[in-house]
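These are the residues of each chain, in order.
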Protein chains: 6
Amino acid sequence: MPIINVQLFEGRTVEQKRAYAKALTEASVQVLGCSASAVDVIFSDVKKSDWASGGKLCSDTE
Amino acid sequence: MPIINVQLFEGRTVEQKRAYAKALTEASVQVLGCSASAVDVIFSDVKKSDWASGGKLCSDTE
Amino acid sequence: MPIINVQLFEGRTVEQKRAYAKALTEASVQVLGCSASAVDVIFSDVKKSDWASGGKLCSDTE
Amino acid sequence: MPIINVQLFEGRTVEQKRAYAKALTEASVQVLGCSASAVDVIFSDVKKSDWASGGKLCSDTE
Amino acid sequence: MPIINVQLFEGRTVEQKRAYAKALTEASVQVLGCSASAVDVIFSDVKKSDWASGGKLCSDTE
Amino acid sequence: MPIINVQLFEGRTVEQKRAYAKALTEASVQVLGCSASAVDVIFSDVKKSDWASGGKLCSDTE
């Protein structure tokens, strides 16, 4: 509590997710004053062919 | 804004998702009066063995 | 199946949501070939003070 | 109605998910008084390297 | 871990949610073999005018 | 891209959310190397009577 669900393009490395989860958790602790152990972060990789912006698949607009 | 998350059975082609994202975005623009660029659509493929209806996995009820 | 979750700014009328749900469902039927009765649409109203883009609450950037 | 989205570590078998969906649906019917056919359950498998608790990826803390 | 997100019509009492959370958690413990303390359940009340099935708002079809 | 959905207990002030959105966005920019304008953060306030941990509503365990 909080639970942070992050949808992002697939392709990030485990090292990036490790750093990202740490940074998001530290931001939560700093602002909310909660303990780090209370923070859950879940990453959902999304293919560019599964994400559309402006009506066009991101895989079509690179 | 809006963000449209669509959970659907896996198996749809990229062509179908391309058309679907376009149609959902056009519906948003038409009804909400927003610009197309403000609309995000994200597809989440779900296996039939990960979706249950009526207490039964959809993979068991075909 | 599909389930369509739409996050949008609060303030839309029931009439707009009625038209929007109809349009999203028709787009689903047309592209996926499913029956309308298989489509669920859920709207989640989000306050502009609960949505940030570019690191700034949308309530601060109007 | 209801729609139950379950995020869980990947690795569960179809047999476990079959039993789990049945149990969650029965709990819904019992408490809410709805029909089983009104209950959707969707499982989202999450890799331990995509889930962080306490700022650390679960794949790092086993 | 698991995290169980339940979308349901608004109007359920705290007593119902208390019993429902208990039942969903017990089902999780029984099937997954996890500890109860590892289970989070979050209820999201949805107005019938924010939920459409078959292209029609549930508030219109009662 | 990314989209960050945060479920947290209700009761946080707009000032806290403003700071939190800023911190989450900065963490995203720093780790992913994306532009701030590509980051969406959405807060969902959850009542303690709508969140259960260990099978008990958080409103019952304070």
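Chemist: Just to check I follow, could you spell out the overall build of chain A for this structure?
Modeler: In terms of helices and strands, chain A carries one helix and four strands. Reading the secondary structure of chain A in the N-to-C direction produces β-α-β-β-β. A globule of 62 residues ought to have a C-alpha radius of gyration of about 11 Å, yet chain A, at 15 Å, is considerably larger. Along the first, second and third principal axes, the C-alpha atoms of chain A reach 40 × 25 × 15 Å. Long-range pairs, those at least 24 residues apart, make up 59% of the contacts in chain A between residues at least 6 apart in sequence. Counting only carbon and sulfur atoms, one obtains 48% of the accessible surface of chain A, whose full area is about 2600 Å². On chain A, the mean spot of the 7 positive side-chain charges and the mean spot of the 8 negative ones are 3 Å from each other.

Chemist: What exactly am I supposed to notice about the relation of the copies chain D and chain B here?
Modeler: The relation between the two chain copies is a rotation about an axis coupled with a shift along that axis. Superposing chain D onto chain B takes a rotation of 120 degrees combined with a translation of 0.0 Å along the rotation axis, leaving an RMSD of 0.0 Å. Both copies are brought into coincidence by an operation consistent with a three-fold rotation axis. Residue Ser44(D), judged by its C-alpha, is the member of chain D lying nearest the rotation axis, at 5.6 Å.

Chemist: Would you take a moment to explain the pairing of strand S1 (residues 3-9) of chain D for this structure?
Modeler: Consecutive residues of a regular strand have side chains that alternate between opposite faces of the sheet. Within S1(D), seven of the seven residues are buried, which leaves the element mostly enclosed by the surrounding structure. Sheet analysis places S1(D) next to strand S2 (residues 40-46) of chain D, joined by seven bridges and oriented parallel. Residue Phe9(D) lies in a different strand from S2(D), and its bridge partner there is Val46(D). Running through helix H1 (residues 14-32) of chain D, the crossover from S1(D) to the neighbouring parallel element S2(D) is right-handed. Bridge count between S1(D) and strand S1 (residues 3-9) of chain E: five bridges; the pairing is antiparallel. Residue pairing across strands places Asn5(D) opposite Asn5(E), the latter belonging to S1(E).

Chemist: What should I look at first to understand the relation of the copies chain F and chain A in this one?
Modeler: For the match of chain F to chain A, the screw axis carries a shift of 0.0 Å, the RMSD comes to 0.0 Å, and the turn is 180 degrees. Interpreted geometrically, this transformation is the action of a two-fold axis. Across chain F, the smallest distance between a C-alpha and the rotation axis is recorded for Asn5(F), namely 2.5 Å. The overlap is high: 100% of the interface residues of chain F also sit at the interface in chain A, so the same surface is used on both sides.

Chemist: Even after reading the chapter, I still don't get the interface of chain D and chain B, so can you show me in this structure?
Modeler: By convention, interface size is frequently given as the accessible area that disappears when the constituent parts associate. Across the boundary between the two partners, chain D contributes 14 residues, which contact 11 residues of chain B. Approximately 1100 Å² of surface area, both sides summed, lies buried where chain D meets chain B, with 47% of it carried by carbon and sulfur atoms. Here chain D and chain B share two salt bridges between them. Among the ionic pairs, Lys17(D) bridges to Asp50(B), the shortest N-O distance being 2.7 Å. Across the contact surface, chain D and chain B share eight residue pairs in polar contact (both at pLDDT 80 or more). A per-class count over the side of chain D that touches chain B returns seven nonpolar, three polar and four charged. Sheet topology note: the strand S3 (residues 51-53) of chain B/S2(D) ladder contains three bridges and is antiparallel. Note that in S2(D) the partner of Trp51(B) across the bridge is Ile42(D).

Chemist: When you look at the interface of chain F and chain A in this model, what are you seeing that I'm missing?
Modeler: Each side of the interface is counted separately: chain F has 22 residues, and chain A has 22 residues. Across the chain F to chain A interface the summed buried area is about 2000 Å²; carbon plus sulfur atoms make up 70%. It is Met1(F), Tyr20(F) and Leu32(F) in chain F that bury the most area against chain A; as a group they hold 29% of the surface buried on that side. Counting across the chain F and chain A interface gives zero salt bridges. There are seven residue pairs in polar contact (both at pLDDT 80 or more) connecting chain F and chain A. Looking at the side of chain F that touches chain A, the elements with two or more residues in it are strand S1 (3-9), helix H1 (14-32) and strand S3 (51-53) of chain F. Looking at the side of chain F that touches chain A element by element, the count peaks at nine residues for H1(F). Classifying every residue of the side of chain F that touches chain A gives 16 nonpolar, five polar and one charged.

Reading the values: rules and limits
Residues numbered from 1 in each chain as written. Chains lettered and ligands numbered in written order. Predicted model: local features only at pLDDT ≥ 70, side-chain atom pairs only at ≥ 80, totals over all residues. Heavy atoms only, no water. Helix = DSSP H or I, 4+ residues; strand = E, 2+ residues; numbered from the N terminus. Rg over C-alpha atoms; globule rule 2.2 N^0.38 Å. Contact = heavy atoms within 4.5 Å. Areas by Shrake-Rupley, 256 points an atom, 1.4 Å probe, with all protein chains shown as cover. Lys, Arg positive; Asp, Glu negative; His and termini not counted. Charge placed at Lys NZ, Arg CZ, Asp CG, Glu CD. Least-squares fit on C-alpha atoms with pLDDT ≥ 70 in both. Buried < 20%, exposed > 50% of the residue type's maximum accessible area, 1.4 Å probe, protein only. Pairing = 2+ DSSP bridges. Right-handed = clockwise from strand over helix to strand, strands pointing away. Buried area = accessible area lost by both parts, 1.4 Å probe. Salt bridge = Lys/Arg side-chain N within 4 Å of Asp/Glu carboxyl O. Polar contact = N/O pair within 3.5 Å; in protein donor to acceptor, adjacent residues only side chain to side chain. Nonpolar A, V, L, I, M, F, W, Y, C, P; charged D, E, K, R; others polar.

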